[in-house]
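# Examination of the molecular architecture
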Amino acid sequence: MIRLVIAGIIVYVIYRLSRFLFTPAGKISKNRPGEQSRIEGEDLVKDPYCGTYVPINSAHKAAMDGKTLYFCSRECLEKYKKENG
Ligand SMILES: [Zn+2]
């Protein structure tokens, strides 16, 4: 009887262990595939003209007064340039 219980525990432990080993990969792909790392790679920058946050990779860059400014669109860039000399 006791041997049966021990055997049951061993089977249960193996079952839990295999689930533990296989669950992480499944969980990560279930939970927003790759979204976390994508956000980390793309810093958000604020458009000083309209206040929109834009991913740095797709922002329109402009150097002004020794600073690099980022805009959501070419329009915002031009308008900001006009208003700020
Ligand atoms: Zn803008």
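Further up the page is the structure itself.
### Considerations on the overall build of the chain
Scanning the chain from N- to C-terminus turns up three helices and four strands. Listed N to C, the secondary structure of the chain is α-α-β-β-β-β-α in terms of helices and strands. Expressed as a percentage of its 85 residues, the buried residues of the chain come to 9%. Once local pairs closer than 6 in sequence are excluded, the contacts in the chain between residues at least 24 apart make up 20%.

### Remarks on the nonpolar core
Counting residues in hydrophobic clusters, the biggest one holds eight residues: Val54, Ala59, Leu69, Tyr70, Phe71, Cys72, Cys76 and Leu77. Sorting the residues of this core by element identifies strand S4 (67-71) and helix H3 (74-83) as the ones contributing at least two each. It is S4 that provides the largest number of residues to this core, a total of three residues. The contacts of Ala59, once residues within four sequence positions are left out, are Val45, Val54, Tyr70, Phe71 and Cys72.

### Observations regarding the pairing of strand S3 (residues 60-64)
As paired elements, S3 and S4 share five bridges and run antiparallel to each other. Within S4, the position partnered with Ala62 by the bridge is Leu69. The antiparallel hairpin formed by S3 and S4 contains two residues in its connecting segment, where Asp65 sits at a positive phi of about 50°.

Scoring rules and cut-offs
- Residues numbered from 1 in each chain as written.
- Predicted model: local features only at pLDDT ≥ 70, side-chain atom pairs only at ≥ 80, totals over all residues.
- Helix = DSSP H or I, 4+ residues; strand = E, 2+ residues; numbered from the N terminus.
- Buried ≥ 20, exposed ≤ 12 C-beta atoms within 10 Å, placed from the backbone.
- Contact = placed C-beta atoms within 7 Å.
- Core = buried A, V, L, I, M, F, W, Y, C linked by C-beta atoms within 7 Å.
- Pairing = 2+ DSSP bridges.

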